[in-house]
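Below are the chains, spelled out letter by letter.
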Amino acid sequence: MVLLLKETISFNRALTKNSISTKQVYYFSMEFLIGRLLRYYLVNMEVEELVRESLAELHINLDDLLEQEADPGLGNGGLGRLAACFLDSMAFGGISGHGNGIRYKYGLFEQKIRNGFQTELADNWLKNDYPWEIRRADKSVVVKFKGNVQTECADGKLVFYHEDYEPVLAVPYDIPVMSYDNPSNINNLRLWSAEPVSNELDFASFNRGDFNQAVSLRSGVEAISYILYPDDCSRSGKELRLKQEYFFVAAGLGSIMRSFKKRNFPLGDFSRWVSIHINDTHPVLCIPELMRILIDEEGLGWDQAWNITVNSISFTNHTIMPEALEKWPVNLFKNLLPRIYMIVEEIDRRFKERTAKQFIDDVQLIQNTQIIADGHIQMANLAVIGSSSVNGVASLHTMILKQRVFSDYFRIFGYKFNNKTNGVNHRRFLLAANPLLSALITEAIGPGWKKNAEELENLLIYREDASFLEKLAQVKSHNKTQLVKYVKENQGSDLDSQSMFDVQVKRIHAYKRQLLNILKIMHLYNQLLENPNSLPGSHTFIFGGKAAPGYHYAKTIIKLINTLAEKIHKESRVREKLQIVFLENFNVSLGELVYPAADISEQISTASKEASGTGNMKFMMNGAITIGTLDGANVEIKEAVGEKNIFIFGLAAEEVLRYSSEGGYKSLDLYYSNQSLRLCVDQLVNGFFETAGEEFRVIFDSLLLYNDDYFVLRDFDTYLEAYKKLQCSYTDKKHWQGLSLFNIAKSGIFSSDRTIREYAKQIWKVNTRRFDSYI
Ligand SMILES: *Cc1c(COP(=O)(O)O)cnc(C)c1O
């Protein structure tokens, strides 16, 4: 069947308009978390049932078959998933938009829980071959590392020769990207694999008897695309990471240049025909690499090359957390990329010259905006200086960029800054992931919402319709049963599908505050022991997410969740009302099962820390109700649904930022003044967890000794209040289903189709006939 689909795809690819006269967009991202493709394609082509029945005649169960497909874990979480949603929406919108990334041999580790702890297994996703990729050895590019740069003067011009470099062969593997209702626009996701330039061993070393040297050269090269760094939100500062970054940038730009030249346009018009988008700072070497190509290979002068570069490149910032802003030590950088370093130095020199003239007295601004400082290269600074557009991913985040993180740049280049609120592919996370809800929606308002998610708003006429709301409740109940079945089969635990499903699935990180959720559950537990009637109904708390293997604190949080789960399970007085499950190995496929089954969406990050969030949007379109802080896109979700249809609590971003800059927060004061909070915090270390010993001391210390960086204690009370209100709403079934319907109806603006329409018009300046017709 895959073969059949591939045939169709290559046929359609031939139909894809030869792109001579269209602008090409290249989306550079270190991560693409694309999820499984087979079922998604069947749904998009509207042949799933046909295929299911035909296979059944052959005694093949389609679902079993679908399970065979690997879910490529070529990303950590939100950032990589965003890139995948964008690929879909670009294909849907009729944009010639292509992904450029790395074909990691091993993706993000597979998570197993053993004795409550996370353990990591290698994700060998290529072990049975990957059917959707096509190796294109003929399109390989040589990437050059290390060596020396010789400068010569020829015809009065400086020319640069890169000598004694170590060549690495970048071999592309292409994955076709198709979307719904657009068979004549098939785009490409190009992932690069690193190989030795010659497929032979280094025979010089080999003949000298230096077998190790010969093998290690080879494996040193292959190491570049060997494995994805498993850190979400933190830079690793390792040479191999910088190698990966330059590798896919140089390979991608090499192949873009090659195809641009085939089109025979003047080089001076490059930015009219090509847009290069860089997803976070990881691909920011696109800026000096494009300069290098234009100057060293094409013979342009600096100024012309700079104009072309800046006009072609646009940049998305994804985080304001200082530990995630990439910096490279000058020595490491210079040694690995000598020519690129020279170009970065020159960009920095010229920029400082400009600011020194324009802001003569503002020493602070001149210092803050330089690229090279304290022996390090600041990649975000290079990105802002070398691109024509800088965007944040939600309105609050963009405001923080303008007012704080990049405030000096905002004074210099105000015109570059803009907001593009993230979105998610509603055809994957609603149409495909929630077939019953999709059928119900289509029955009610017709199929137009698949192409234009904003038509979901037409559902509002059913807000008071008891029979429709009842059907909505049945769909949710069915989806919960499906998840219960999955958990039983894969983890052995029995969940109660009649209980309320309260879900927090995302990477485990201090700023996302899984800890706040845990403290809430501990508090509910303590209350129930005192008063069995303190909580109406029964509750299942569902957690899922991976911790970076080196992030000890996050791993302890996982252990805490599992320890509390066990403690509750053993306590007969509460287990009818409370249950916790930690879902192993949260990934896109599991997400497709979880988002549709949730009643409650936990989006409780410390305000200002979550740039946008996209999980929040997936939950919303599947009818879950958000309890959350005014952070990231939660702010816009609240604006869309109104404050009656969401449960908001906690410090505002401004308050958090003010505390961080001016001080004044003392977590110990709260600990001493709030008895029920103190009880929960003490229980981390006082023997409440019989098996734990000192295991959770680091968490206790983070809250009291280190003054609770993420304001968990500060938001505890308001979180509980909001939770109580939510409980109340939930007990009124009809009211709750109305909330749910309202959230679905208002979720259309969070489709990545809307996001891509904005990127296309305002940043890339490409025509999108499809989207234009909606305006
Ligand atoms: C959407 C998604 C995320 C991002 O979730 P947030 O709640 O926004 O952090 C992470 N991982 C996977 C697998 C996803 O599908």
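How each quantity is defined
Residues numbered from 1 in each chain as written. Predicted model: local features only at pLDDT ≥ 70, side-chain atom pairs only at ≥ 80, totals over all residues. Heavy atoms only, no water. Helix = DSSP H or I, 4+ residues; strand = E, 2+ residues; numbered from the N terminus. Contact = heavy atoms within 4.5 Å. Axes fitted to C-alpha atoms, helices over the stretch in contact; angles between N-to-C directions. Parallel < 35°, antiparallel > 145°, perpendicular 65-115°, else oblique. Left-handed = near helix turned anticlockwise from the far one by under 90°. Nonpolar A, V, L, I, M, F, W, Y, C, P; charged D, E, K, R; others polar. Pairing = 2+ DSSP bridges. Salt bridge = Lys/Arg side-chain N within 4 Å of Asp/Glu carboxyl O. Buried < 20%, exposed > 50% of the residue type's maximum accessible area, 1.4 Å probe, protein only. Core = buried A, V, L, I, M, F, W, Y, C linked by side-chain atoms within 4.5 Å. 1 Å grid on protein atoms, 1.4 Å probe; cavity = no way out; pocket = protein on both sides within 12 Å on 5 of 7 lines; lining within 4 Å. Points joined across faces, edges and corners; volume = space filled by probe spheres on them. Near = heavy atom within 4 Å. Polar contact = N/O pair within 3.5 Å; in protein donor to acceptor, adjacent residues only side chain to side chain. Right-handed = clockwise from strand over helix to strand, strands pointing away. Patch = residues over 30% accessible without salt bridge, like charges linked within 9 Å, V, L, I, M, F, W, Y side chains within 5 Å. Areas by Shrake-Rupley, 256 points an atom, 1.4 Å probe, with all protein chains shown as cover. UniProt positions renumbered as here; feature names shortened; annotations may be inferred.

Turning to the environment of S438, a few remarks are in order. Within the fold, S438 resides in helix 19 (residues 435–445). Considered as a pair, S438 and V475 are 37 residues apart in the sequence and their alpha carbons are 9.8 Å apart. Filtering out sequence-adjacent residues up to four positions away, S438 remains in contact with L430, L431 and W449.

Before going further, it helps to examine the packing of helix 21 (residues 514–530) against helix 22 (residues 552–570). Direction vectors running N to C along helix 21 and helix 22 enclose 20°, while the axes themselves pass 11 Å from each other. On the basis of the axis angle, helix 21 is roughly parallel to helix 22. Seen along the crossing, helix 21 lies across helix 22 with a hand that is left-handed. Residue-level inspection shows Q514, L515, I518, I521, M522 and Y525 of helix 21 in contact with helix 22, the latter providing Y553, I557, L560, I561, L564, K567 and I568. Along the lines of polarity and charge, the residues of the contact of helix 21 with helix 22 split into 11 nonpolar, one polar and one charged.

With that out of the way, let us pick up the sheet that holds strand 21 (residues 600–603). With respect to topology, six strands assemble into an open sheet ordered 20-19-18-21-22-23, the strand pairing being parallel. Two strands bound the open sheet, and with one partner strand each, they are strand 20 (578–583) and strand 23 (647–648). Against the sheet, helix 20 (residues 466–491) engages strand 18 (500–505), strand 19 (539–544) and strand 20, with an angle of about 65° to strand 20.

The next thing to look at is the pattern of salt bridges. The tally for this structure, following the rule as stated, stands at 42 salt bridges. Across the salt bridge formed by E758 and R754, the nearest N and O atoms sit 3.2 Å from each other. Taken together, the residues E758 and R754, both in helix 32 (residues 752–764) and four residues apart, mark about one turn of the helix. Residue classification places R754 among the buried residues on the basis of a relative accessible area of 8%. One salt-bridge network, held together by shared partners, links R39, E48, E49, R52 and D63.

Turning our eyes to something else, we now look at the nonpolar core. Within the largest apolar cluster, 251 residues are counted, with the highest numbers of intra-cluster contacts made by F28, F247, I276, F333, L459 and W764. Looking at which element gives the most residues to this core, the answer is helix 8 (residues 239–262), with 11 residues. Beyond its immediate stretch of four places on either side in the chain, I276 contacts Y26, F28, L253, I256, F270, C286, L290, S312, I313 and S314.

This part covers the environment of P176. Among the structural elements, P176 can be located in strand 9 (residues 166–177). Judged by its relative accessible area of 6%, P176 falls in the buried class. Sequence separation between P176 and M321 is 145 residues, and the spatial gap between their C-alpha atoms is 35 Å.

Attention shifts here to empty space enclosed by the protein. Over the atoms rolls a probe the size of a water molecule, and in doing so it shows where empty space is left. In the structure shown here, the tally under the stated rule is seven cavities of 30 Å³ or more. Estimates place the volume of the largest cavity at around 150 Å³. Around the largest cavity, the lining comprises 15 residues; the ones closest to its centre are I34, L37, Y41, A84 and V177. Residue assignment for the lining of the largest cavity shows that the elements contributing at least two residues are helix 2 (38–44), helix 5 (78–93) and strand 9. In terms of residue count, helix 5 provides more of the lining of the largest cavity than any other element does, four residues in total. Split into classes, the residues belonging to the lining of the largest cavity amount to 11 nonpolar, one polar and three charged.

This paragraph deals with the site of the ligand. Taken together, 14 residues form the shell around the ligand, and within it K506, K512, T614, G615 and K618 come nearest. One of the backbone N or O atoms of T614 is found 2.8 Å from an oxygen atom in the ligand. Side-chain polar atom of K618 to an oxygen atom of the ligand: 2.6 Å apart, as the coordinates give it. Elements with a contribution of two residues or more to the shell around the ligand: helix 5 and helix 24 (615–621). Residue composition of the shell around the ligand, grouped by class: four nonpolar, six polar and four charged.

With respect to the secondary-structure elements, Q514 resides in helix 21. A relative accessible area of 2% places Q514 in the buried class. Setting aside residues up to four positions removed in sequence, Q514 forms contacts with Q504, K506, R507, I508, H509, F543 and I557.

What follows covers the sheet that holds strand 13 (residues 327–329). Backbone-to-backbone hydrogen bonds pair the strands of a sheet. The strands run either parallel or antiparallel. Ordered by their spatial adjacency, three strands build an open sheet running 13-15-14, and the pairing between neighbours is antiparallel. On the outer flanks of this sheet lie strand 13 and strand 14 (372–373), each paired with one strand and no other. Across two bridges, the pairing between strand 14 and strand 15 (residues 376–378) is antiparallel. By the bridge assignment for strand 15, I372 is matched with I377.

On to the pairing of strand 22 (residues 625–628). Alternating positions in strand 22 separate into two faces, I625 and I627 on one and T626 and G628 on the other, with burial throughout. Looking at chain direction, strand 21 and strand 22 are connected through four bridges and run parallel. In the sheet register, E602 faces strand 22, and the bridge partner there is I627. Summarising the sheet, strand 22 and strand 23 pair through two bridges and their orientation is parallel. Paired with I627 across the bridge in strand 23 is F647. Crossover strand 22 to strand 23 through helix 25 (residues 634–641) is right-handed.

On the surface, L58, I60 and L65 cluster together into a nonpolar patch covering about 240 Å² of accessible area. Within the element layout of this structure, I60 appears in the loop between helix 3 (48–57) and helix 4 (62–67). What makes I60 partly exposed here is its relative accessible area of 34%.

The residues that UniProt annotates with the feature "modified residue: N6-(pyridoxal phosphate)lysine" (unreviewed entry) are K618. Here K618 lies in helix 24. Residues within four places of K618 in sequence aside, it is in contact with R81, V424, F429 and Y595.

This part takes up the pairing of strand 2 (residues 96–102). When you tally the buried positions in strand 2, you get seven out of seven residues, the bulk of the element. Side chains of strand 2 alternate between two faces, with S96, H98, N100 and I102 and G97, G99 and G101 buried alike. Bridging between strand 1 (residues 24–28) and strand 2 involves five bridges; their strand directions are parallel. In the sheet register, V25 faces strand 2, and the bridge partner there is G97. As paired elements, strand 2 and strand 10 (residues 187–195) share four bridges and run parallel to each other. Residue pairing for strand 10: N100 is matched across the bridge by R190.

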